[in-house]
Amino acid sequence: MPAPTVLLVEDEPEIVGLLTDFLAVEGFGVVAAGDAPAAIDALERNGVDCVLLDVMLPGGSGFDVCRRIREHSDVPLLFLSARGEDDDKLRGLALGADDYIVKSATPAEVVARIKAVLRRSDRSAARRRRFGRLEVDLAAHEVLVGGAAVSLTAREFELLTLFVTHPRQVLTREQIFEQVWGSWGDRSAVSVYVRRLRDKLEADARHPQLLVTVWGVGYRFDPPAVR
């Protein structure tokens, strides 16, 4: 599967370069954004596993960016800020951040805390994930579309879980088959089960908006953009 990706929202090039190097050594991909609008745009365009977000940004506050992200996504999010006052920390955590790091921390500590948040996120999959009209509770195995419960088989739910945990990432048919079915079997099962999910989740299965075909490659889960 693709390496975990961090969206680094920071306007100081030196910090971006340093953290990118440290994260790369630990096997992370990095998508960088230098201001608030670019952060929202990057989140819409890229499948990321974690957001590292500065508080003071050109074009808007990191707190505002966090609020907009939390309206649509439970992606793990950490603040990284020169502002270490308790009021700022409490405000950031109250907005739904998973951690608040003061910039006096070493790059190695930042990476360690990103790893810790990702581990906690993996263990606490009970949080309901919302993508527009689609809601998925990974722990309870519940799926709602427009508030109405949708019944999925165990295999359908496993496939949906793979998609919703890798939004906007193109997954090849081979990757999907190995993750959901294993190494042996009929690869055509992938297209059959994608079609079943579309029938149950899409407003118009003939013109899918969530489970999009990437011709010649595989499929991509395209949740609604953050507004």
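Conventions used here
Residues numbered from 1 in each chain as written. Predicted model: local features only at pLDDT ≥ 70, side-chain atom pairs only at ≥ 80, totals over all residues. Heavy atoms only, no water. Pairing = 2+ DSSP bridges. Helix = DSSP H or I, 4+ residues; strand = E, 2+ residues; numbered from the N terminus. Axes fitted to C-alpha atoms, helices over the stretch in contact; angles between N-to-C directions. Contact = heavy atoms within 4.5 Å. Polar contact = N/O pair within 3.5 Å; in protein donor to acceptor, adjacent residues only side chain to side chain. Buried < 20%, exposed > 50% of the residue type's maximum accessible area, 1.4 Å probe, protein only.

Here's the deal with the sheet that holds strand β3 (residues 50-53)
Thinking step 1. Overall, parallel pairing links the five strands, which are arranged β2-β1-β3-β6-β7 in an open sheet. The sheet is open, and its two edges are formed by β2 (29-33) and β7 (99-102), each paired on a single side. Ignoring strand direction, the axes of neighbouring strands in this sheet form an average angle of 20 degrees.
Thinking step 2. With respect to the sheet, helix α3 (residues 62-70) is in contact with β3 and β6 (77-81), its orientation differing from that of β6 by roughly 175 degrees.
Thinking step 3. Helix-sheet contacts for helix α4 (residues 86-94) involve β6 and β7, and the interaxial angle to β7 is about 150 degrees.

So, the side chain of Asp54
Thinking step 1. By the secondary structure assignment, Asp54 is in the loop between β3 and β4 (56-57).
Thinking step 2. Within the structure, the side chain of Asp54 is placed 3.2 Å from the side chain of Lys103, a separation counted as a polar contact.
Thinking step 3. Beyond its immediate sequence surroundings of up to four residues, Asp54 is in contact with Val9, Glu10, Asp11, Gly62, Leu80, Ser81 and Lys103.

Structural notes on the environment of Leu93
Thinking step 1. Residue position: Leu93 is located in helix α4.
Thinking step 2. Overall, the relative accessible area of 41% leaves Leu93 in the partly exposed class.
Thinking step 3. Along the primary structure Leu93 and Arg120 are separated by 27 residues, whereas in three dimensions their C-alpha atoms are 15 Å apart.
Thinking step 4. For Leu93, the contacting residues outside a window of four places in its chain are Asp98, Asp99 and Tyr100.

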